[in-house]
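# Inside the fold
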Amino acid sequence: MLFNKKGSLIGAVLAVTIGILVIHVNFVIFQGLFDAIVRDISDYRNGDILVTDEADFIDKSDLSIVNWFERIPYVDAATPRLSSTAEMNMTKNGKLIEETRVPIVGVDPFRDILASTVHETVSEGSYVFSRNSIVLGTSVAEDLGGAQVGDSVKVLVVDRWGQDQIKRFTVSGIAKSPGGQGFDYTAVVHIDTLRDMMKRSGDTGSFMVKLNDPSKAFEVKEFFLRSFPNDDFLAETIEESAEQQLAGFRSGIAMINMIGYFGMMSSAFAIVTIQMMLVNGKTKEIGVMRAIGAKRKDILIIFIFQGMIIGAIGAGVGTAAGLGYTVYAKETKMSFNNSLPLEVSYNWEKIIQTALTSFALAIIASLYPSYRATKLLPVEAMRTV
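The model shown is predicted, which means the values in this text are computed figures rather than measured ones. (Residues numbered from 1 in each chain as written. Predicted model: local features only at pLDDT ≥ 70, side-chain atom pairs only at ≥ 80, totals over all residues. Heavy atoms only, no water.)

### Observations concerning the overall build of the chain
When helices and strands are counted, the chain shows 12 helices and 10 strands. By the compact-globule yardstick of 21 Å for 385 residues, the chain is too spread out, its C-alpha radius of gyration being 31 Å. For the chain, the spread of C-alpha atoms along the principal axes amounts to about 100 × 55 × 30 Å. Sequence separation of 24 or more characterises 80% of the internal contacts of the chain that already satisfy a separation of 6 or more. Computed over 37 positive and 42 negative side-chain charges, the inter-centroid distance for the chain is 14 Å. (Helix = DSSP H or I, 4+ residues; strand = E, 2+ residues; numbered from the N terminus. Rg over C-alpha atoms; globule rule 2.2 N^0.38 Å. Contact = heavy atoms within 4.5 Å. Lys, Arg positive; Asp, Glu negative; His and termini not counted. Charge placed at Lys NZ, Arg CZ, Asp CG, Glu CD.)

Below, the structure is given as structure tokens:
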């Protein structure tokens, strides 16, 4: 009786399967994009822990801070950085080209390659290797008329006293990162050179700390702050330091998830419609069963059991299809138009929750059609025999 309307049964199973698959695809794409942005902010800019000074620049020596962090087993590396804004100009094909308000970052080239992956984004040339070399982000290079490795660039920075400091650099590399999350809109120089230009000898803007176990970030951060109680240090995990950048993405993901669950509810309405069709199509069988003594409770259980079968098969097929898509996205390092590669993960809690929710909705969607089936009187049902 349950399977003599296979087309309708398959349709109900597909409704559940599609609802689950939509949620899995949304999660892989949007959560993967969010995690990819967090990954790149951590790898390029903030690390797992970002240390700054609440009021001013950090005046403790780089060596003392770096050595303190690197004696902790969870820490892979730590590196100092200093940031400012610069004006740049260069002569290209006999034409002077100027670019203003360019973010410029000073790095320790030997420590930075241990704590950051910015050096891996240098697609042409090499990373900063001397105090007179500069790495331009691909967007900065384009704005300067197509700067290339070996070109000379004049950089102006305003020092701490408000005086203009000008220095000429040789372009050693061009940086380009997938999705532009790296230093594509920034210039990178040696930190000591930028200190000299800013008249900030020994000062540091921040320390980027990379851990081999990111889950220990809060623990390391608290330990650091307790170790320097008399300083105005501000230590933040990646979630804290990038909160403003990530807040909008979190809202977007929540909205997408909500749309996905509304889609699952739509599949529940489809199950109601299909179940009603199944009830109408089985009027004769219901009449025969009632005539030979079946109670309303028996009819109710049969159709609820049918809803359980639909929910179980749909949840199983939908979850398998969703996991298949997740594996494909992870193994192929899925990206769109060669942009930011997604950071795909298996959230088993969400996978199980989605499957159980779809199963429960299938059962709930079967309640009303099951109730309608019990209301059929034997005499009325037998008229169709």
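### What about the UniProt feature "transmembrane region" (unreviewed entry) in the chain?
When the UniProt feature table is mapped to this numbering, "transmembrane region" (unreviewed entry) covers residues 12-34, 258-279, 300-328 and 348-368. Structurally, residues 300-328 is divided into 100% helix and 0% strand, and its ends, taken at the C-alpha atoms, are 42 Å apart. Counting secondary structure, residues 348-368 comes out at 100% helix and 0% strand; the distance between its end C-alpha atoms is 32 Å. (UniProt positions renumbered as here; feature names shortened; annotations may be inferred.)

### Structural notes on the domain arrangement of the chain
Entries for the chain in the domain assignment read domain 1 (6-40 + 245-382) and domain 2 (55-231). A separation of 50 Å is found between the C-alpha centroids of domain 1 and domain 2. (Domains from an automatic or database assignment.)

### Here we look at the pairing of strand S8 (residues 187-190)
Alignment of strand S3 (residues 95-107) against S8, held across four bridges, turns out to be parallel. Its bridge partner lying in S8, Val-107 is registered against His-190. Across three bridges, strand S5 (residues 133-137) lies against S8 in antiparallel orientation. Considered in S8, the bridge of Ile-134 is made with Val-189. (Pairing = 2+ DSSP bridges.)

### A short note on the packing of aromatic side chains
Enumeration over the complete set of coordinates arrives at nine aromatic pairs. Geometrically, the ring pair formed by Phe-228 and Phe-233 is edge-to-face, given 5.5 Å between the ring centres and 85° between the ring planes. Like Phe-233, Phe-228 is buried. Their ring planes at 15° and their centres at 6.0 Å tell us that Tyr-346 and Trp-348 sit as a pair that is stacked. Through pairs of rings, three or more aromatic residues link up here, namely Trp-68, Phe-69, Phe-223, Phe-224, Phe-228 and Phe-233. (Phe/Tyr/Trp six-rings, centres within 6.5 Å; stacked < 30°, edge-to-face > 60°. Buried < 20%, exposed > 50% of the residue type's maximum accessible area, 1.4 Å probe, protein only.)

### Overview of helix H5 (residues 191-198)
Most of H5 is tucked away: six of the eight residues are buried. Those residues of H5 that sit buried are Ile-191, Thr-193, Leu-194, Arg-195, Met-197 and Met-198. In this structure, the buried side of H5 is in contact with helix H2 (62-70), strand S2 (75-92), S3, strand S6 (152-158), strand S7 (164-175) and S8. Of the residues trailing H5, Lys-199 is marked for its positive phi of about 60°.

### With respect to unusual backbone geometry
For Lys-199, which is not glycine, the phi torsion reads 60° and is therefore positive. Here Lys-199 lies in the loop between H5 and strand S9 (206-211). The partly exposed category is assigned to Lys-199, whose relative accessible area is 38%. In this model, Lys-333 sits at a positive phi of 50°, which is unusual for a non-glycine residue. Mapping Lys-333 onto the fold places it in the loop between helix H10 (296-331) and helix H11 (348-374). Residue Lys-333 is classed as exposed on the basis of its relative accessible area of 60%.

### Some words on the pattern of salt bridges
The final tally for this structure, using the stated rule, is 14 salt bridges. Across the salt bridge formed by Asp-112 and Arg-81, the nearest N and O atoms sit 3.0 Å from each other. Within this pair, whereas Asp-112 is found in helix H3 (residues 109-115), its partner Arg-81 is found in strand S2, the two being separated by 31 residues in sequence. Salt-bridge contacts for Arg-200 lead to Asp-203; the nearest nitrogen and oxygen are separated by 3.5 Å. Given a relative accessible area of 11%, Asp-203 falls into the buried group. Connected through salt bridges with shared partners, the residues Arg-39, Asp-40 and Glu-343 form a single ionic network. (Salt bridge = Lys/Arg side-chain N within 4 Å of Asp/Glu carboxyl O.)

### Focus on the environment of Asp-56
Looking at the secondary structure, you find Asp-56 in the loop between strand S1 (49-53) and H2. Along the primary structure Asp-56 and Asp-232 are separated by 176 residues, whereas in three dimensions their C-alpha atoms are 8.8 Å apart.

### Looking at the nonpolar core
Grouped together as the largest cluster of nonpolar side chains are 24 residues, with contacts concentrated most on Met-88, Ile-134, Leu-136, Leu-144, Val-153 and Val-155. If sequence neighbours within four positions are ignored, Leu-144 has contacts with Met-88, Asn-89, Met-90, Lys-92, Ile-97, Glu-99, Leu-136 and Val-153. Core analysis: the next-biggest nonpolar cluster, separate from the first, contains 19 residues, Val-66, Phe-207, Phe-224 and Phe-233 among them. (Core = buried A, V, L, I, M, F, W, Y, C linked by side-chain atoms within 4.5 Å.)

### A short note on the environment of Lys-297
Among the structural elements, Lys-297 can be located in helix H10. For the pair Lys-297 and Gly-11, spaced 286 residues apart in sequence, the C-alpha to C-alpha distance is 26 Å.

### Here's the deal with the side chain of Lys-92
Within the secondary structure layout, Lys-92 lies in strand S2. Here Gly-146 takes part through its backbone oxygen, which lies 3.4 Å from a polar atom of the side chain of Lys-92. (Polar contact = N/O pair within 3.5 Å; in protein donor to acceptor, adjacent residues only side chain to side chain.)

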